[in-house]
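The residues making up each chain are set out below.
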Amino acid sequence: KEDIEWIVLAKENEKALVISKYALDCQKYNSTYTDVTWETCTLRKWMNGTFLNNAFSAEEQAQIQNTNVSADKNPKYSTNPGNATADKVFLLSITEVEKYFSSDNARQCKPTKYAVDNGAYVNSNNGNCWWWLRSPGSYQNYAAHVDYDGSVGCYGYSVLDDDDAVRPALWINLDS
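Conventions we followed
- Residues numbered from 1 in each chain as written.
- Predicted model: local features only at pLDDT ≥ 70, side-chain atom pairs only at ≥ 80, totals over all residues.
- Heavy atoms only, no water.
- Core = buried A, V, L, I, M, F, W, Y, C linked by side-chain atoms within 4.5 Å.
- Buried < 20%, exposed > 50% of the residue type's maximum accessible area, 1.4 Å probe, protein only.
- Helix = DSSP H or I, 4+ residues; strand = E, 2+ residues; numbered from the N terminus.
- Contact = heavy atoms within 4.5 Å.
- Pairing = 2+ DSSP bridges.
- 1 Å grid on protein atoms, 1.4 Å probe; cavity = no way out; pocket = protein on both sides within 12 Å on 5 of 7 lines; lining within 4 Å.
- Points joined across faces, edges and corners; volume = space filled by probe spheres on them.
- Nonpolar A, V, L, I, M, F, W, Y, C, P; charged D, E, K, R; others polar.
- Polar contact = N/O pair within 3.5 Å; in protein donor to acceptor, adjacent residues only side chain to side chain.
- Phe/Tyr/Trp six-rings, centres within 6.5 Å; stacked < 30°, edge-to-face > 60°.
- Salt bridge = Lys/Arg side-chain N within 4 Å of Asp/Glu carboxyl O.

(A) A look at the nonpolar core. Judged by nonpolar contacts, the single largest core of 48 residues is most densely connected at Tyr29, Leu43, Leu92 and Leu133. No other element matches the five residues that helix α1 (residues 42–55) contributes to this core. Not counting chain neighbours up to four residues away, the residues in contact with Leu133 comprise Tyr29, Leu91, Leu92, Ser93, Ile94, Val97, Ala143, Ala144, His145, Val146 and Val152.

Structure below.
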């Protein structure tokens, strides 16, 4: 295991919203090609199960806030975003990634070696990867993403794409 580097996106009272500096793994958004939302996708289950339990100690997990994760709509397409969820670990939405990152350049992300070993796409020119967002894409079986150049892909990729990386976000309690 390696330590995870975090970027602080926001602070409210005694908690902070953080996202991993690097894309940590490569996962499909959903394990089957079907209509899906963040609420029902297998990536959400993996992030709040396997990832949470393997990446954080019990003490660290106790500092991670259970968060009301909004079901943000895709601003360009009328796909169903599903329902809000309660998660410890989540992906940013299109709205959030545009709010917390001021430019395409700021959204660019490099994958970890682990993510590359698990199939993450790496652009040969800049070494950046694609990373998932929780918002639906242009079709119900597509999910939005951030491209290797940092642009937000509202159209999205198939939920079965197996070369998109994962940048977990979470709220942590700073008062512990």
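(B) Broad picture of the pairing of strand β1 (residues 6–12). Pairing of β1 with strand β2 (residues 15–20) involves six bridges; the strand directions are antiparallel. The residue of β2 that forms the bridge with Trp6 is Ser20. The antiparallel hairpin formed by β1 and β2 contains two residues in its connecting segment, where Asn13 sits at a positive phi of about 50 degrees.

(C) View of unusual backbone geometry. Look at Asn13: it is not a glycine, yet its phi comes out positive at around 50 degrees. For Asn13, the location among the structural elements is in the loop between β1 and β2.

(D) The layout of surface pockets, seen in detail. Roughly 760 Å³ of internal volume is contained in the largest pocket. Residue lining of the largest pocket: 26 residues in total, with Glu2, Asp3, Ile4, Leu24 and Ala55 positioned closest to the centre. Those elements that place two or more of their residues in the lining of the largest pocket are α1, α2 (58–63), α5 (113–117) and β10 (169–173). Looking at the lining of the largest pocket element by element, the count peaks at five residues for α1.

(E) Region of interest: empty space enclosed by the protein. Counting across every chain of the model gives one cavity of 30 Å³ or more. Taken as a whole, the largest cavity spans an internal volume of roughly 50 Å³. Lining of the largest cavity is provided by Trp38, Glu39, Ser70, Ala71, Asp72, Pro81, Asn83, Arg134, Ser135 and Pro136. In terms of residue class, the lining of the largest cavity is made up of four nonpolar, three polar and three charged.

(F) Local environment of the side chain of Asn141. With respect to the element layout, Asn141 can be found in the loop between β6 (131–136) and β7 (142–146). A polar side-chain atom of Asn141 sits 3.1 Å from a polar atom in the side chain of Tyr33. The contact partners of Asn141, leaving out residues within four places of it in the chain, are Tyr33, Thr34, Asp35, Tyr157, Ser158 and Val159.

(G) Fine view of the packing of aromatic side chains. Considering all chains together, one arrives at twelve aromatic pairs under this definition. When the ring of Trp6 is compared with that of Phe56, the centres are 6.2 Å apart and the planes differ by 20 degrees; the resulting orientation is stacked. One end of the pair, Trp6, is in strand β1; the other, Phe56, is in the loop between α1 and α2, and 50 residues separate them in sequence. Residue classification places Trp6 among the partly exposed residues on the basis of a relative accessible area of 29%. An angle of 65 degrees between the planes, with centres 5.4 Å apart, marks the rings of Tyr139 and Tyr142 as edge-to-face. With a relative accessible area of 45%, Tyr139 lands in the partly exposed category.

(H) Structural detail: the pattern of salt bridges. This structure, assessed with the given rule, holds six salt bridges. Note that Glu5 is salt-bridged to Lys21, the shortest N-O span being 3.8 Å. Residue Glu5 is found in the segment before β1, and its partner Lys21 is found in the loop between β2 and β3 (25–26); the two are separated by 16 residues along the sequence. Put simply, Glu96 and Arg134 hold a salt bridge, and the shortest N to O gap is 2.7 Å. Placement of the pair is Glu96 in helix α3 (residues 94–100) and Arg134 in strand β6, with a sequence separation of 38 residues. Comparing Glu96 with Arg134 shows no difference in burial state: the two are buried.

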